[in-house]
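Each chain is listed here by its residues.
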Amino acid sequence: MLQQVEAAHVEVTLTDLDPDVQQLLDGVLEPLEDSGCASEAPDASADAPLCARLAYRLSYDEEAETLESVVYFPARSNPALGQYSRVPAATRRMLPVVTLDAGQPLQLRAGAGLRRILDERDAKAGAAAFEALAQAVTEAVSALSASPAVAEAVNAVLAVGGTGERIGDTPLTAEQVGFRAEDGSVAALLRTLRAALHLDAGGMLGLAQHGSTVSAVLSMAEAMLLATVPGAVVLADDFGDQLDAPATEHLAALLRARSGQVWLSTRRPEAARAFEPTEVIRLVRHGGVRSHHQLTRIMDRKALVAMRQWHTQLLAALTAPTVAITEGPHDVAVLSMVDRRRPPSALPLSAHGVRLVASGTGGEGGISQIPRIANLARQLGFRVLAVIDRDKDSAQTTDELTKILAACDAVVRLPPGAIEQAVATGLPLQALADASATLTEYGIPDPMAGQLTEAAVTNLCKVIHKQGLHEQFLEALYAEPNAPHPPVVSMTLALLELAADSSYSGQQLIDVPTVSRPAGT
């Protein structure tokens, strides 16, 4: 049985078309709606601007192990029946589609970006400049060949074993030896030229010596200059991979503002930051299944609060398969620091594709925000986990838990108490007291005051929470050689790793076991 699997289907709407292009598209033009999409309604306004839709479909034939691709007009095709009105090659060449191909910048060889820019602006003047360069180089090389030092060295080589007399019809001397670039043509000479920049006190250095960012910025600037076609659809793959963060965001924003449409694939959050949240399409693969996800416009006022987390939290996790949403930044700080300090045998959360996200802002937790952020993350195709504590026990907390479970794939719940209790639970009292004594460096009294009691530990947890000294306290705990890891936090990390696997089929609510303090401490 012949089985075809659709591996890709992309549709693009072209607007603001040149009159010559409109003539080529006669018969497939459609009215354009205010939303920017083509209208298929029979009663569409006759005064509406016109647009054209093009679609690309890639299919795989498992029996023949072959790929088949087709570019067609959806307005005159029926993919379900295998009927396609294909877009002619001549039409495709006329369309204002530009592909950004960032290569080695400022090259004058044939086909390079700077050469194309020069040829488009004044090809004759460029050719004259190249000929003048070739003539100057020829004269300089002739003078070089005639210099006594070079001529003497060449004659010395030719004199070895009578070489100069044997390789030619007449004896060969330095007068018959010259130098030139490759085949002596202007093209060969231009291929040898490399850009050099004088940026600072280092002087004139080759472009490569200035680092990859400078080359990438210039390369992208060249590509963008070549892409200045009115109403162009601009395409770029792996945009920003070699750019720094500000340059990535700036150039992406510039493309978005100047292009008719711009389609960028990227692994850089800074590139996505230049677009509206609803303009970002996230490509995902979970459990061997590929899918795409896009945010819808949010009209609910409470949900708009969660949307702010797109820029502050979720955008940084753009390429992570899984997000683990905590109640606040303190939880992220604690989990992250213990995660970094675990032994090499325990892989970090990043190895499991997990990114920690704080639902709250500032120093306050935000358990009520977890469902909203989780729903936002689910729309974007993330696998969504949550880490919550049990510092409250009320009907309101029960309602919140129900909402969190409905929005998340799995929820890891700490033992009774807040994140500070999770740090202190199961550790020797003396280790806690030693770390507590170091907090006086931050202008506060020693929370435990040297007392090895549970009451002192409770006071320590309150001070850590109020002063926001979570990382500082952990740093002090880890200062001692062979310091023990907070067992509750370590188990929380292990359970997050377990739940991050898309094949996980255990309980949705995972309670971290309570740990007793070691006897005799």
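Quick note: structure is the one above.
Described in the following lines is the structure provided in the data block. No experiment lies behind these values; they were computed from the predicted model shown.

## What to know about the pairing of strand β9 (residues 261-264)
For a regular strand, side-chain orientation follows a simple rule: the groups alternate between the two sheet faces.
Okay, step 1: Pairing of strand β8 (residues 233-236) with β9, which is carried by four bridges, proceeds in the parallel orientation. Across the sheet, the residue bridging to Val-233 is Gln-261, located in β9.
Okay, step 2: Handedness of the crossover joining β8 and β9 through helix α8 (residues 245-258) is recorded here as right-handed.

## Description of the pattern of salt bridges
Okay, step 1: Scanning the entire structure with this criterion turns up 13 salt bridges.
Okay, step 2: Residue Arg-53 is joined to Glu-30 by a salt bridge in which the shortest nitrogen-to-oxygen separation is 2.9 Å. Highlighted residues: Arg-53 in strand β3 (residues 50-61) and Glu-30 in strand β2 (residues 29-31), separated in sequence by 23 residues. Both residues of the pair, Arg-53 and Glu-30, count as buried.
Okay, step 3: With its nearest N and O atoms 3.0 Å apart, the salt bridge here joins Arg-342 to Asp-339.
Okay, step 4: Within this structure, Asp-238, Asp-241 and Arg-267 form a network of salt bridges that share partners.

## What about unusual backbone geometry?
Okay, step 1: Of note, Leu-106 is a non-glycine position whose phi angle comes to about 55°, a positive value.
Okay, step 2: A residue is classified by how much of its surface remains accessible, and Leu-106, at 27% relative accessible area, is partly exposed.
Okay, step 3: The phi angle at Ala-449 is positive, at roughly 50°, despite the residue not being glycine.
Okay, step 4: Structurally, Ala-449 can be placed in the loop between α16 (429-437) and α17 (454-467).

## Let's talk about the sheet that holds strand β16 (residues 509-511)
Okay, step 1: Strands sit in the order β13-β12-β14-β15-β16 across an open sheet of five strands; the sheet is parallel. Looking along the sheet, the strands with just one partner apiece sit at the ends: β13 (354-358) and β16. Here the average twist between neighbouring strands, direction ignored, is 25°.
Okay, step 2: The pairing of strand β15 (residues 410-416) with β16 spans three bridges and is parallel. By the bridge assignment, Arg-413 is partnered in β16 with Asp-511.
Okay, step 3: Each of β12 (322-326) and β14 (383-390) is contacted by helix α13 (residues 370-379), which is oriented at about 170° to β14, the strand it contacts most.

The rules behind these values
Residues numbered from 1 in each chain as written. Predicted model: local features only at pLDDT ≥ 70, side-chain atom pairs only at ≥ 80, totals over all residues. Heavy atoms only, no water. Pairing = 2+ DSSP bridges. Helix = DSSP H or I, 4+ residues; strand = E, 2+ residues; numbered from the N terminus. Right-handed = clockwise from strand over helix to strand, strands pointing away. Salt bridge = Lys/Arg side-chain N within 4 Å of Asp/Glu carboxyl O. Buried < 20%, exposed > 50% of the residue type's maximum accessible area, 1.4 Å probe, protein only. Axes fitted to C-alpha atoms, helices over the stretch in contact; angles between N-to-C directions. Contact = heavy atoms within 4.5 Å.

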